[in-house]
Amino acid sequence: MRTQVAIIGGGPSGLLLSQLLHEKGIDTVVLERRTRDYVLGRIRAGILEAGFVNLMKEAGVAARMEAESFTHDGTIIAYGEEQFGINFKSLTDESVVVYGQTEVTRDLYDARDAAGGVVLHECSGVTPHDLDTDKPFVTFLHDGKVVRLDCDYVAGCDGFHGPSRQAIPLTVRREYEKTYPFGWLGILSETPPVNDELIYSSSDRGFALCSMRNDNLSRYYIQCSLSDSPDDWSDDMFWDELMRRIPSAAAESLVTGASIEKSIAPLRSFVTEPMRWGRLFLCGDAAHIVPPTGAKGLNTAASDVHYLYHALTAFYDGGDTEGIDRYSEKALSRIWKTERFSWWMTNLLHRFPEQTEFDLRIQRAEIEFLRSSEAAQRALAENYVGLPY
Ligand code: APR
Ligand code: PHB
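Keep in mind that this is a model prediction, so the values were computed, not measured.

**Q** Even after reading the chapter, I still don't get the side chain of arginine 351, so can you show me in this structure?
**A** Within the secondary structure, arginine 351 sits in the loop between helix H11 (327-349) and helix H12 (357-372). Given a relative accessible area of 19%, arginine 351 falls into the buried group. Here the side chain of arginine 351 touches aspartate 204 through a polar contact of 3.2 Å, side chain to side chain. Looking at arginine 351, its side chain comes within polar contact range of the side chain of glutamine 363, at 2.9 Å. Not counting residues up to four positions away in its chain, the partners in contact with arginine 351 are Phe182, Ser202, Ser203, Asp204, Gly206, Gln223, Leu360 and Gln363.

Below, the structure is given as structure tokens:
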């Protein structure tokens, strides 16, 4: 079997890259370890930067998103009983779009199907070979047979636990990591959102976030202990704790209901360098992770896809290798800035076990500074709507 670009991983990074390259006449094969239903069962964040929306348009997969998504011009920051808004639109002239990652992935699968794209599910033992030569290939087991896929390039879009990153020798690879001493317990419920904008809330009991998917589908999170399990939290316990962490006006208008999904995610900041080794490119969660505060996971994946798509297109168009040679440098430059923002927003709004009274006062002063300073609000807004590619 032969293709131009072998893509390991059929999450949003792999599918978006595959669809964009297809639009430019470049052939790909996507190798996914799980079933399609499993991939579509994962609930992830739902805030899209304008850059992501533009890539979906360029890939020809924006129709449903344009019909069903919601534009948000700002967000609410709450602390105790206090709250204030940050208006992205007036500060940056840009907005964000609310549309779930699951829906993005579904649209990309549908587009790949419609175009006759090859996406192989339930591939096991996916292993890239000879990445430092000009004849790389990938082997895997599919339908009980060992398959060899020859290619020009390999895109490692296989998430944090995938094999691609491990293929970069340890003599070359550097990893930078920060873990946080808490997780996020999230629920999805078929209830109307408590507010028409997101509420990021810092409280003495810990962080809480009120988010949404549509008029009758809400997503809420509370900071929780890493030793908690979702089974420790009944729906009633969750709602009760959420209400104690948001201003009482919001708590009083909160509509509660049965959860249809409940899960805990640990928080981590992680970056691997370089993002290219020989003919392998890392993309998305395979190369970096951000804590979810600020919803940058999917958006950082999209910026990698943007740089890689342009690099490969320029190469196949006329042999220009500048984009390929500079992929890692360009992608990392934007990634680190977004890592900084997600880390900063996490520090601003969460309670840390080791925080002293002094730390708490500084944290509150920083939130009050944000409230009072247009410059500080603009800095948040600029990052939240997405830094330029
Ligand atoms: N072989 C093939 N596929 C694999 C392997 C493997 N050995 N290991 C992992 N995969 C697949 C996973 O099953 C998953 O479908 O790679 C895909 C990676 O998808 P994501 O983890 O969603 O990563 P990515 O596409 O980069 O998207 C980044 O998703 O994880 C969120 O917060 C993240 O929103 C961000 C976005
Ligand atoms: C979500 O809706 O899931 C969401 C929104 C904003 C975040 C994180 C997650 O910062």
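**Q** How should the site of ligand 2 be read in this particular structure?
**A** Residues in contact with ligand 2 amount to 15 residues; listed here are only the nearest, Tyr200, Ser211, Arg213, Tyr221 and Pro292. Here serine 211 contributes a side-chain N or O atom positioned 2.5 Å from an oxygen atom of ligand 2. In the environment of ligand 2, an oxygen atom lies 3.1 Å from a nitrogen or oxygen atom belonging to the backbone of alanine 295. Alone, ligand 2 offers 280 Å² of accessible surface; in the complex the protein occludes 99% of this. Put simply, the parts of the chain that give the shell around ligand 2 at least two residues each are strand E15 (208-214) and strand E16 (217-224). It is E15 that contributes the most residues to the shell around ligand 2, 3 residues altogether. In terms of domain composition, the shell around ligand 2 takes at least three residues from each of domain 1 (5-72 + 96-177 + 268-345) and domain 2 (181-267 + 350-385).

**Q** Would you explain the site of ligand 1 in this entry?
**A** Residues in close proximity to ligand 1 total 25 residues, the closest being Ser13, Glu32, Arg42, Gln101 and Asp285. Note that an oxygen atom of ligand 1 is positioned 3.0 Å from one of the backbone N or O atoms of leucine 298. Considered on its own, ligand 1 offers 700 Å² of accessible surface; in the complex 89% of this is hidden by protein. For the shell around ligand 1, the elements supplying multiple residues, two or more each, are helix H1 (12-23) and helix H9 (297-318). A total of 3 residues in the shell around ligand 1 trace back to one element, the largest contributor, which is H9. In the shell around ligand 1, the residues fall into 10 nonpolar, 8 polar and 7 charged.

**Q** Any chance you could explain the packing of aromatic side chains here in plain terms?
**A** Aromatic rings considered in pairs are described by the distance between their centres and by the relative angle of their planes. Under the definition given, this model contains 18 aromatic pairs. When the centroid spacing of 5.4 Å and the interplanar angle of 75° are considered together, the rings of tyrosine 220 and tryptophan 239 count as edge-to-face. Here the residue tyrosine 220 occupies a position in strand E16, and tryptophan 239 occupies one in helix H7 (residues 235-245), the gap between them amounting to 19 residues. Judged by relative accessible area, tyrosine 220 falls into the buried class, the value being 0%. Residue classification places tryptophan 239 among the buried residues on the basis of a relative accessible area of 3%. Measuring from ring centre to ring centre gives 5.1 Å for phenylalanine 315 and tyrosine 316, while their planes differ by 75°; the resulting arrangement is edge-to-face.

**Q** Even after reading the chapter, I still don't get the sheet that holds strand E3 (residues 47-48), so can you show me in this structure?
**A** The strands that make up a sheet pair up through hydrogen bonds in the backbone, lying either parallel or antiparallel. Read from one edge to the other, the open sheet built from 3 strands follows the order E3-E7-E4, with strand pairing classed as antiparallel. On the outer flanks of this sheet lie E3 and strand E4 (70-72), each paired with one strand and no other.

**Q** Hey, could you run me through unusual backbone geometry in this one?
**A** Outside of glycine, negative phi angles account for most residues, and trans bonds account for most peptide bonds. The peptide bond linking glutamate 273 to proline 274 adopts the cis configuration, its omega dihedral lying at -5°. As for its placement among the helices and strands, proline 274 is situated in the loop between strand E17 (259-273) and strand E18 (276-277). Its identity is not glycine, yet aspartate 130 carries a phi of approximately 50°, on the positive side.

**Q** Looking at this structure, how should I read the packing of H11 against H12?
**A** What describes two packed helices is the angle between their axes and the distance between those same axes. Their axes nearest at 8 Å, the elements H11 and H12 cross at an angle of 115°. The orientation of H11 with respect to H12, classified from their angle, is roughly perpendicular. Between H11 and H12, the residues in contact are Trp344, Asn347, Leu348 and Leu349 and Gln363, Glu366, Ile367 and Leu370, respectively. Residues belonging to the contact of H11 with H12 are distributed by class as follows: 5 nonpolar, 2 polar and 1 charged.

**Q** When you look at the pairing of strand E2 (residues 28-31) in this model, what are you seeing that I'm missing?
**A** On a regular strand, one side chain projects to one face of the sheet and the next to the other, so that they alternate. Burial of E2 is two-sided: the residues Thr28 and Val30 facing one way and the residues Val29 and Leu31 facing the other way are all buried. Sheet topology places strand E1 (residues 5-8) next to E2; 4 bridges connect them, and they run parallel. For valine 5, the partnering residue across the bridge sits in E2 and is threonine 28. The parallel pair E1 and E2 is bridged by H1, and the resulting crossover is right-handed.

What counts, and where the lines are drawn
Residues numbered from 1 in each chain as written. Chains lettered and ligands numbered in written order. Predicted model: local features only at pLDDT ≥ 70, side-chain atom pairs only at ≥ 80, totals over all residues. Heavy atoms only, no water. Helix = DSSP H or I, 4+ residues; strand = E, 2+ residues; numbered from the N terminus. Buried < 20%, exposed > 50% of the residue type's maximum accessible area, 1.4 Å probe, protein only. Polar contact = N/O pair within 3.5 Å; in protein donor to acceptor, adjacent residues only side chain to side chain. Contact = heavy atoms within 4.5 Å. Near = heavy atom within 4 Å. Areas by Shrake-Rupley, 256 points an atom, 1.4 Å probe, with all protein chains shown as cover. Domains from an automatic or database assignment. Nonpolar A, V, L, I, M, F, W, Y, C, P; charged D, E, K, R; others polar. Phe/Tyr/Trp six-rings, centres within 6.5 Å; stacked < 30°, edge-to-face > 60°. Pairing = 2+ DSSP bridges. Axes fitted to C-alpha atoms, helices over the stretch in contact; angles between N-to-C directions. Parallel < 35°, antiparallel > 145°, perpendicular 65-115°, else oblique. Right-handed = clockwise from strand over helix to strand, strands pointing away.

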